[in-house]
Amino acid sequence: RHGAVKNEDTFKTSPFHFDLWFYFTLQNWVLDFGRPIAMIILPLEWFPLNKPSAGDYFHMAYNVITPFLLLKLIERSPKTLPRSMVYVSIIMFVMGASIHLVGDSVNHRLIFSGYQHHLSVRENPIIKNLKPETLIDSFELLYYYDEYLGHSMWYIPFFLILFIYFTGCFTPVEEDSRMPVPALLLMGPSSLYYWYLVTEGQIFILYIFTFFAMMALVMHQKRKGLVLDSNGLFLFYSFIITLVLIAVWVVWLWNDKILRKKYPGVIYIPEPWAFYTLHMNNLHAAKESL
């Protein structure tokens, strides 16, 4: 029966999935973080502005490979997990990532026309002078699909699947609660990617609620004499390091008045690409003028 936990697999342990975690981290860095970088550094003549960019093809590959890796991760869980919830989450993940593909493609192409990510849509010089003014509403709709709807349908299922998998990462055997050397080597790149995901995706609330849920589950299972296995430790410690990186990022940019204006809420976590268009673009322009 889907969703039921079998008695015979309750206390099975699973070795560290180095292959899956390695592929997961590699494709996250190349296909997600590398998308806008590939679009910027590759010659514009290869990918005209009215055609998909290299980053778009990276995004398409990400939308296919990531759901596959998530499904393989769920399959390797020592517990039988709720399949129906997993399948619905995967479907929503693909829908959200596909919506984001379109919005993100247009928004990043606008950089070549002078669009500045550290400003709101209506404050951008290339947008606020559009005629008729209803065109600005269309760009705000595009921004909504990209930054809000797309991100929500992409990241909520993503973190839900990770948490579902995490629920099966407990064992009564203390010897299984150790991370091998490959896990320690992957933890840095994995945590750094989650930092990018949370900051650029503006999903701190989703991330912190997931992390709190993981902490609560760890404490609850500890009362039963269960501890995290190597895969659970890898995921849990990666989230802890991510929180530290986010705190360092926020402290570093705490007094940035321009970014403060764009992110005026109680939770102040600037996007890396907003920082890039604000400071790094200016740095490049200054070098070129010398």
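Residues numbered from 1 in each chain as written. Predicted model: local features only at pLDDT ≥ 70, side-chain atom pairs only at ≥ 80, totals over all residues. Heavy atoms only, no water.

The protein chain appears in an unreviewed UniProt entry as CLN6 protein from Sula dactylatra.

Engineer: Help me out: how do you make sense of the overall build of the protein chain in this one?
Structural biologist: When its secondary structure is counted, the protein chain shows ten helices and two strands. Counting only C-alpha atoms, the protein chain reaches 65 × 40 × 35 Å along its principal axes. Put simply, of all contacts in the protein chain between residues at least 6 apart along the chain, 78% involve residues at least 24 apart. A total of about 14,900 Å² of accessible surface is found on the protein chain, and carbon and sulfur atoms cover 68% of it. When the 22 positive and 22 negative side-chain charges of the protein chain are each reduced to one mean point, those points stand 4 Å apart. (Helix = DSSP H or I, 4+ residues; strand = E, 2+ residues; numbered from the N terminus. Contact = heavy atoms within 4.5 Å. Areas by Shrake-Rupley, 256 points an atom, 1.4 Å probe, with all protein chains shown as cover. Lys, Arg positive; Asp, Glu negative; His and termini not counted. Charge placed at Lys NZ, Arg CZ, Asp CG, Glu CD.)

Engineer: Quick question: what am I supposed to make of helix α7 (residues 204-223) here?
Structural biologist: Each turn of an α-helix holds 3.6 residues, which means side chains three or four residues apart point in the same direction. An ideal rise of 1.5 Å per residue puts 28 Å on 20 residues; α7 measures up with 29 Å between its terminal C-alpha atoms. Among all positions of α7, only Phe-204, Tyr-207, Ile-208, Thr-210, Phe-211, Met-214, Leu-217, Val-218 and Gln-221 are buried. Elements in contact with the buried residues of α7: α5 (134-166), β1 (170-171), α6 (181-201), β2 (227-228) and α8 (230-252). Gly-225 lies just past α7 and shows a positive phi near 85°. (Expected span 1.5 Å × (residues − 1). Buried < 20%, exposed > 50% of the residue type's maximum accessible area, 1.4 Å probe, protein only.)

Engineer: How should the packing of helix α3 (residues 83-109) against α5 be read in this particular structure?
Structural biologist: The description of two packed helices rests on the angle between their axes and on the distance between the axes. Viewed as axis vectors pointing N to C, α3 and α5 meet at an angle of 150°, and their least axial separation amounts to 7 Å. When the axis of α3 is compared with that of α5, the two are roughly antiparallel. Seen along the crossing, α3 lies across α5 with a hand that is left-handed. For the contact of α3 with α5, the per-class residue count stands at 20 nonpolar, seven polar and two charged. (Axes fitted to C-alpha atoms, helices over the stretch in contact; angles between N-to-C directions. Parallel < 35°, antiparallel > 145°, perpendicular 65-115°, else oblique. Left-handed = near helix turned anticlockwise from the far one by under 90°. Nonpolar A, V, L, I, M, F, W, Y, C, P; charged D, E, K, R; others polar.)

Engineer: Explanation requested: the environment of Leu-259 in the structure shown.
Structural biologist: Inspection of the secondary structure puts Leu-259 in helix α9 (residues 257-262). Classification of Leu-259 by relative accessible area gives buried; the value is 0%. Separated by 15 residues in sequence, Leu-259 and Ala-274 have C-alpha atoms that sit 7.8 Å apart. Beyond its immediate stretch of four places on either side in the chain, Leu-259 contacts His-118, Leu-253, Tyr-268, Pro-270, Ala-274, Phe-275 and Leu-278.

Engineer: How should I be thinking about the nonpolar core in this particular structure?
Structural biologist: Grouped burial of nonpolar side chains is what soluble globular proteins tend to show. If you look at the biggest cluster of nonpolar residues, it comprises 64 residues, and the most contacted ones within it are Trp-21, Phe-158, Leu-162, Phe-166, Tyr-194, Leu-235 and Phe-239. For this core, the secondary-structure elements that each account for two or more residues are α1 (18-41), α2 (54-75), α3, α5, α6, α7, α8 and α10 (272-289). Apart from the residues lying within four places of it in its own chain, the contact partners of Phe-158 are Phe-24, Leu-70, Phe-93, Tyr-194 and Leu-197. In this structure, Leu-110, Tyr-115, Val-121 and Ile-127 belong to the second largest nonpolar core, which totals six residues. (Core = buried A, V, L, I, M, F, W, Y, C linked by side-chain atoms within 4.5 Å.)

Engineer: What am I meant to see in the pattern of salt bridges here?
Structural biologist: Should their charged atoms come close, side chains of opposite charge can pair. Tallied over the full model, the rule gives seven salt bridges. For Asp-137, the salt bridge is made with Arg-122, and the minimal N-O distance between the two is 2.5 Å. Within this pair, whereas Asp-137 is found in helix α5, its partner Arg-122 is found in the loop between α3 and α4 (125-128), the two being separated by 15 residues in sequence. When its relative accessible area of 40% is taken as the criterion, Asp-137 is described as partly exposed. Note that Glu-123 is salt-bridged to Lys-261, the shortest N-O span being 3.8 Å. Linking Glu-123 in the loop between α3 and α4 with Lys-261 in helix α9, this pair joins segments that are 138 residues apart in sequence. A residue is classified by how much of its surface remains accessible, and Glu-123, at 35% relative accessible area, is partly exposed. Beyond isolated ion pairs, a larger network of salt bridges with shared partners links Asp-32, Arg-35 and Asp-104. (Salt bridge = Lys/Arg side-chain N within 4 Å of Asp/Glu carboxyl O.)

Engineer: In this structure, what is going on with the packing of α2 against α5? I would like to understand it.
Structural biologist: For the pair α2 and α5, the least separation of the axes is 10 Å and the interaxial angle reads 25°. By the angle between their axes, α2 is roughly parallel relative to α5. The two elements α2 and α5 meet at a crossing, and its hand is left-handed. Packed against α2, whose contacting residues are His-59, Tyr-62, Leu-70, Leu-73 and Ile-74, the element α5 presents Trp-154, Phe-158, Ile-161, Leu-162, Ile-164 and Tyr-165 at the interface. Considered class by class, the residues forming the contact of α2 with α5 number ten nonpolar, one polar and no charged.

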